[in-house]
Amino acid sequence: MANQPKIKAHSLTGRITYGLMQEAFKAVKRNRGAAGIDKVSIEMFAANLDQNLQALMRDLKEGSFEPLPLRRHYIPKNATEFRPLGIPAVRDRVGQEVLRRLLQPIFEPTFHDASYGFRPGRNCHQAIQAVLKLHEAGLQVVLDADIAGFFDNLPFKIIMAAVAEKVADGNILRLIEKFLRSGVMENGAFKPTTVGTPQGGVITPPTQ
């Protein structure tokens, strides 16, 4: 049987509407979170919401959007280690949420059925239930494995190639790469990002 042609999404930019911008902001507001390096809080962004969303929508659609560097923040991982987070500006989080809402329907069907992390309608309790069902079916061994720093070390080329397999909208692809390359501000110094997806933003991907 001949290989079926791959169907790509071509016109995602045209789906960026003011209604989508509003829904994206509502999601960011629900998730709360601290301000980025511009020190603009969610409440400050909301004080002039219509103008901020209109300007952001225009920049996203025209391709002139430029994300700010992430603000580095560390949280305890265990008694001796800390996990680095990258905190985007509120404006950038709204932009990321817009992209997430455009991309999720495209990539969600490609995830493995046994994947439960950070997916709509799925949670850790369901993952435990799935493991218990496998145990009841007679399986006795559980392998607990973790790839240290996996998302922090993914080459941009691999990330962009995976997205480009499904998305042909050049503006959307450029926006994604801009977010990946936005860099990090740490202790007053700018550090460029050359690999990985910083944890703490909206578009950190789930494991397939």
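Computed from a predicted model, the values in this text were never measured in an experiment. (Residues numbered from 1 in each chain as written. Predicted model: local features only at pLDDT ≥ 70, side-chain atom pairs only at ≥ 80, totals over all residues. Heavy atoms only, no water.)

**Q** Could you clarify how one ought to interpret the packing of helix 3 (residues 49-62) against helix 4 (residues 90-107) in this entry?
**A** The geometry of a pair of packed helices is captured by two quantities: the angle between their axes and the separation between those axes. Axis separation between helix 3 and helix 4 bottoms out at 11 Å; the angle between their running directions is 55 degrees. With respect to each other, helix 3 and helix 4 are oriented oblique. Here helix 3 and helix 4 pass one another in a crossing that is right-handed. In this structure, helix 3 uses Leu53, Leu56, Asp59 and Leu60 to contact helix 4, whose residues at the interface are Arg91, Val94, Gly95 and Val98. Classifying every residue of the contact of helix 3 with helix 4 gives five nonpolar, one polar and two charged. (Axes fitted to C-alpha atoms, helices over the stretch in contact; angles between N-to-C directions. Helix = DSSP H or I, 4+ residues; strand = E, 2+ residues; numbered from the N terminus. Parallel < 35°, antiparallel > 145°, perpendicular 65-115°, else oblique. Left-handed = near helix turned anticlockwise from the far one by under 90°. Contact = heavy atoms within 4.5 Å. Nonpolar A, V, L, I, M, F, W, Y, C, P; charged D, E, K, R; others polar.)

**Q** I keep staring at the nonpolar core and nothing clicks. Help me out?
**A** In summary, soluble globular proteins display a tendency toward joint burial of nonpolar side chains. Of all hydrophobic cores here, the largest spans 36 residues; its most connected members are Met21, Val94, Val167 and Ile172. Going through the elements one at a time, helix 1 (18-31), helix 2 (42-47), helix 3, helix 4, helix 6 (156-164) and helix 7 (170-180) are the ones with two or more residues in this core. Of the residues forming this core, the biggest block, eight residues, is contributed by helix 4. Residues contacting Ile172, with those up to four places away along its chain left out, are Leu12, Thr13, Ile16, Leu99, Leu102, Leu103 and Val167. (Core = buried A, V, L, I, M, F, W, Y, C linked by side-chain atoms within 4.5 Å. Buried < 20%, exposed > 50% of the residue type's maximum accessible area, 1.4 Å probe, protein only.)

**Q** I keep staring at the packing of aromatic side chains and nothing clicks. Help me out?
**A** One pair of aromatic rings is described through two measures. These are the centre distance and the angle between the planes. Counted by the stated rule, this structure contains two aromatic pairs. An angle of 25 degrees between the planes, with centres 5.7 Å apart, marks the rings of Phe25 and Phe45 as stacked. With Phe25 in helix 1 and Phe45 in helix 2, this residue pair connects regions lying 20 residues apart in the sequence. For the pair Phe25 and Phe45, a shared accessibility class is recorded, and that class is buried. When the ring of Phe65 is compared with that of Phe179, the centres are 5.4 Å apart and the planes differ by 45 degrees; the resulting orientation is tilted. Placement of the pair is Phe65 in the loop between helix 3 and strand 1 (70-76) and Phe179 in helix 7, with a sequence separation of 114 residues. A residue is classified by how much of its surface remains accessible, and Phe179, at 5% relative accessible area, is buried. Taking the ring centre of Tyr116 as reference, the NZ or CZ of Arg122 above it sits at 4.7 Å. (Phe/Tyr/Trp six-rings, centres within 6.5 Å; stacked < 30°, edge-to-face > 60°. Lys NZ or Arg CZ within 6 Å of the ring centre and 35° of its normal.)

**Q** What is the right way to look at the pairing of strand 2 (residues 82-87) in this model?
**A** Two faces, one strand: in a regular strand the side chains alternate between the faces of the sheet. Here six bridges tie strand 1 to strand 2, and the two strands are oriented antiparallel to one another. Within strand 2, the position partnered with Arg71 by the bridge is Ile87. Between the antiparallel neighbours strand 1 and strand 2 lie five residues. (Pairing = 2+ DSSP bridges.)

**Q** Which parts of the structure should I look at to understand the side chain of Ser41?
**A** Position of Ser41 relative to the elements: it lies in the loop between helix 1 and helix 2. One polar contact links the side chain of Ser41 to the main-chain amide nitrogen of Met44, over a distance of 3.1 Å. If we skip the residues at most four places from it in the chain, Ser41 touches Ala35 and Val90. (Polar contact = N/O pair within 3.5 Å; in protein donor to acceptor, adjacent residues only side chain to side chain.)

**Q** How do you make sense of the pairing of strand 1 when you look at a structure like this?
**A** Here strand 1 pairs with strand 3 (residues 184-186) via two bridges, running parallel. Within the sheet, the bridge partner assigned to Leu70 lies in strand 3 and is Val184.

Shape is all these values report; function is a separate question.
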